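Each chain, written out:
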Amino acid sequence: MPEAREAKILWLVDEEGVDTPDTPTSTPASASEPLPVRLYGQDPVPAVSELWISPWVQVPYGATSGAIDANDALGNRFKFTSSEDGRPLPRKGTIVGIKMRDLDNDTLAATIHIFNAPFSAAASDAAYTIGLADAEKHVADELFPGGTSNGTFKAHDLKDVDVDYFSPLQELHAQLSSTGTPNIASAQTMPLVQLVIVPRA
């Protein structure tokens, strides 16, 4: 029969004088959160990045935002700079969700155009056109789906957005355009927009 060999484990003494094996050992990150785990002497590894969520931003009305033609700019330029809890917009991130609330309760067929710095926006109620000088600032164009009626307003949510961006100024600027022909009653009933972002290192 082959010679039996004795299995040996090398033991070390840690800084507190407790014998520990020299193989990696994991412990829960905390008593209430058994996962993710951490190695001795190391900080917990976060399972996911904390989401960055903007406050609701109301689209500026513009000079003639009442009756909008197809392919017109829907209101003036607006921007996102800080989260609901006051954190600045991450320089690097992935936009994972965009929400819009139609306070005018129209059937908005709106597209949001996002840029990583201030850009020369189209005039509200004029044809949506952006000059070549702003092309490198462009991040994304996302068409909102048909809204769900809540009686006095409609909710339009983009849930599967996956757009990376880099913004040295820690600002994202945007403008809406319309593929329909809404008639916004007043500045108070212009759409509200919110961004959901996963920060990146």
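The notes below deal with the structure included here. Here the structure is a predicted model, which is why all the values come from computation and not from measurement.

Cut-offs and rules
- Residues numbered from 1 in each chain as written.
- Predicted model: local features only at pLDDT ≥ 70, side-chain atom pairs only at ≥ 80, totals over all residues.
- Heavy atoms only, no water.
- Helix = DSSP H or I, 4+ residues; strand = E, 2+ residues; numbered from the N terminus.
- Buried < 20%, exposed > 50% of the residue type's maximum accessible area, 1.4 Å probe, protein only.
- Contact = heavy atoms within 4.5 Å.
- Areas by Shrake-Rupley, 256 points an atom, 1.4 Å probe, with all protein chains shown as cover.
- Polar contact = N/O pair within 3.5 Å; in protein donor to acceptor, adjacent residues only side chain to side chain.
- Salt bridge = Lys/Arg side-chain N within 4 Å of Asp/Glu carboxyl O.
- Core = buried A, V, L, I, M, F, W, Y, C linked by side-chain atoms within 4.5 Å.

Once that is clear, we can look at the overall build of the protein chain. Within the protein chain, the secondary structure is distributed over zero helices and 15 strands. With 201 residues in all, the protein chain has 38% of them scored as buried. The long-range share in the protein chain, meaning contacts at least 24 apart out of those at least 6 apart in sequence, stands at 77%. Accessible surface computed for the protein chain: about 11900 Å², of which carbon and sulfur atoms make up 54%.

As a further point, take the side chain of His 173. Within the secondary structure, His 173 sits in strand S14 (residues 172–178). You can call His 173 buried: its relative accessible area is 3%. One polar contact links His 173 to Glu 171, side chain to side chain, over a distance of 2.8 Å. Beyond its immediate chain neighbours, meaning those up to four positions away, His 173 contacts Arg 77, Phe 78, Lys 79, His 113, Ile 114, Phe 115, Ala 117, Pro 118 and Phe 119.

On the secondary structure map, Asp 85 appears in the loop between strand S7 (72–80) and strand S8 (92–102). Sequence-wise, Asp 85 and Ser 54 are 31 residues apart; in three dimensions their C-alpha atoms are separated by 8.5 Å. Side-chain polar atoms of Asp 85 contact the side chain of Ser 83, separated by 2.3 Å. In this structure the side chain of Asp 85 is engaged in a polar contact, spanning 3.2 Å, whose partner is the side chain of Arg 87.

Bringing the pattern of salt bridges into the picture now. Side-chain pairs of opposite charge can arise whenever the charged atoms involved come near each other. As enumerated under the stated definition, the model contains four salt bridges in all. In this structure, Arg 101 and Asp 157 form a salt bridge, with 2.8 Å as the shortest nitrogen-oxygen distance. Residue Arg 101 is found in strand S8, and its partner Asp 157 is found in strand S12 (residues 154–158); the two are separated by 56 residues along the sequence. Here Asp 157 falls in the partly exposed class, since its relative accessible area comes to 26%. One salt bridge in this structure joins Asp 134 and Lys 137, with 3.0 Å as the shortest N-O distance. Asp 134 gets classed as buried once you look at its relative accessible area, which sits at 5%. Overlapping salt bridges bring together Glu 50, Asp 85 and Arg 87 as one network.

By size, the foremost hydrophobic cluster in this structure holds 30 residues, and its most contacted members are Phe 78, Phe 80, Ile 95, Ile 98, Ile 112, Ile 114 and Leu 172. Breaking this core down by element, the ones donating at least two residues are S7, S8, strand S9 (110–115), strand S10 (138–143), strand S13 (163–166), S14 and strand S15 (192–199). Aside from chain neighbours lying at most four places away, what touches Ile 112 is Phe 78, Ile 98, Ala 140, Asp 141, Glu 142, Phe 144, Ala 174, Gln 175, Leu 176 and Val 193. The next biggest cluster of nonpolar side chains, apart from the first, holds five residues, and it includes Ala 73, Phe 115, Phe 119 and Tyr 128.

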